[in-house]
Each structure stands twice: as structure tokens, then as C-alpha cells.
Amino acid sequence: MHDQGGGMDRWNEKIKQNRGLTKLQLAQILEKELSDSSRKKEDLQALSETVYSQFFCQEEENDDLELEWKKWQIEYLEYFRATVRFLSRKNMSAKQFYEELTEVIWNSAFFNEKSRAFALHYYLNSGYCPYFELDRGILMAEPEFQDTLQKVRLLCSKLRFIMLQRYEQKTERAARINSVFAQAENEKERAVLMAWFLNFLENRKTENSKKET
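Keep in mind that what you see is a predicted model, and the values were worked out from it rather than measured. (Residues numbered from 1 in each chain as written. Predicted model: local features only at pLDDT ≥ 70, side-chain atom pairs only at ≥ 80, totals over all residues. Heavy atoms only, no water.)

### Describing helix α2 (residues 23-35)
To keep it simple, the criterion reads: Working definition: helices are DSSP H or I runs of at least four residues, strands are E runs of at least two. Numbering for both runs from the N terminus. Given the number of residues in a helix, its expected span is that number minus one, multiplied by 1.5 Å. Summary of the burial criterion: residues with accessible area below 20% of their type's maximum are buried, those above 50% are exposed, and those between are partly exposed, where the area comes from a 1.4 Å probe applied to protein chains only. In this description, the arc belongs to the directions extending from the helix axis to the C-beta atoms. Residue contacts are defined here by distance: any two heavy atoms, one from each residue, within 4.5 Å place the two residues in contact.
Taking 1.5 Å per residue, 13 residues should reach 18 Å; α2 reaches 18 Å between its end C-alpha atoms and fits that length. Buried residues of α2: K23, L24, L26, A27, L30, E31 and L34, and no others. Summarising the axial view, the buried residues of α2 lie within an arc of 150°, below the 170-degree limit, and thus occupy one face. Lining the buried residues of α2 we find α1 (7-17), α3 (40-48), α4 (64-89), α5 (94-106) and α6 (113-124).

### Notes on the nonpolar core
Rule in force here: Here the nonpolar core consists of buried residues drawn from Ala, Val, Leu, Ile, Met, Phe, Trp, Tyr and Cys, with membership extended through side-chain atoms lying within 4.5 Å.
W72, F80, F97, L101 and Y123 are the most contacted members of the largest nonpolar core, which totals 34 residues. Among the elements of the structure, α1, α2, α3, α4, α5 and α6 are those that each provide at least two residues to this core. Ignoring anything within four residues of it in the chain, the contact list for F97 reads V84, L87, S88, M92, Y123 and Y131. Judged by nonpolar contacts, the second largest core, of 17 residues, contains L155, I177, A184 and F200.

### Structural notes on the packing of aromatic side chains
Inclusion rule: Here the aromatic set is Phe, Tyr and Trp, taking the six-membered ring for Trp, and pairing holds for ring centres within 6.5 Å; pairs whose planes are under 30 degrees apart are stacked, those over 60 apart are edge-to-face, and all others are tilted.
Counting across every chain of the model gives 14 aromatic pairs. Measuring from ring centre to ring centre gives 5.6 Å for W69 and W72, while their planes differ by 15°; the resulting arrangement is stacked. A residue pair is termed a helical-turn pair when its members lie 3 or 4 positions apart in one helix, as W69 and W72 do in helix α4 at three residues. For the ring pair F181 and F197, a centre distance of 6.1 Å and an interplane angle of 70° mean the geometry is edge-to-face. Taken together, the residues F181 in helix α9 (residues 170-182) and F197 in helix α10 (residues 187-212) connect sequence positions 16 residues apart. A single burial state applies to F181 and to F197, both of which are buried.

Here it is as C-alpha cells:
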């Protein structure tokens, strides 16, 4: 990730200048800036990497703009969400991703000026923003996974034990979890250990949900 010629600073300043607006109102301003830009894909990438959603804005009001946003969600959100998801899962370069996303938002028959702002509003607040090209993960057959899991069984038990304790701060627990992963002998063991831990957390979340119902 890198700043496109000071672009991130520019968008940071633009967002800070408009803190009093709702995010929908801000999205309209940002859409106009991008529409007028001769470097849309580069500017969209720089804007995305400012982590737009972290900036404080006023809560949305139940006004005409909010009602139009809700209508847009009914008519177009599923299409646009699926498009963004599809592009992100191709794991292309960031440059290519923003080229294709720019093409979708600014050169699609689905979008006019206002709906472009709504599409921008959705994307900038989604988990797909900013975009990252990911390294290839570790793939292994089930027998290899099970063999490696046996090697880290004691570390799995230690992680479960750590999660059952009480702590004054989250960082205390996080440091202990991190130390367990550091004890794995190689990247493959750490990957299997993480896979087990993620499954453990998911199962724990499910169990807690059942207790609440």
C-alpha cells in the first residue's frame, strides 16, 4: 500500500473538512471530486486507503437522501455487493482492482450521479475497503493436515486453556496467544494451529449464541 502522490493526505483533509456531514452527504461530495478527476482509479485507491469509515460523521437523518439510499439498497445493493465481492476474490493487483471498480461505478448503465455516490458510500464502509492483493496461502491434503495437527495438539490445548482464563486487559491474553504461535516449529504448523484456533473460536461463538436463546 502506498500513497498515490500525496493523494491520501488530500482525501484525509477533504474528509476532515466535512466532518459535520452525514456519510451519505460526504459520499456525494467525494463522488463529485472523483467524477471530475482525470485519474479516477488512482484517486479511488488513495481514498480507499484513508480508511474512510474511521472518520467521525453525523448519524444519518431520516431525510430525502436517506430515503433514496434505502431505495437504492433495495434495487441495486445486492448487484453491487456481488460485483465487489467477485472482483475482490479474483485476487488481482490493487491497480487492476481499482481499474475494474472504477469501470463498474462510472461506466455502468446502472449508475447515475446520485447512485454512484451510494455505491461509493457502500464500498468505502464495507469490509472490502481498502483492497489488498493476498499472498497464496498454504494448501494441504487432509492426511497432511491431520498429521500436522497431531504435532501441535499440546499447543492447541494451551490455547484453549488460555481462552478459559480471566484477564485484566485484552493485550495480556493476546500476548499469551501470540507466544503459543511462536512455539510452532514452522509456517505449516502455525497455519494448522491457526486453522484449529479459528474453528475453536467459531464453535465457542455458536455455543454462546445457543446459551443466549
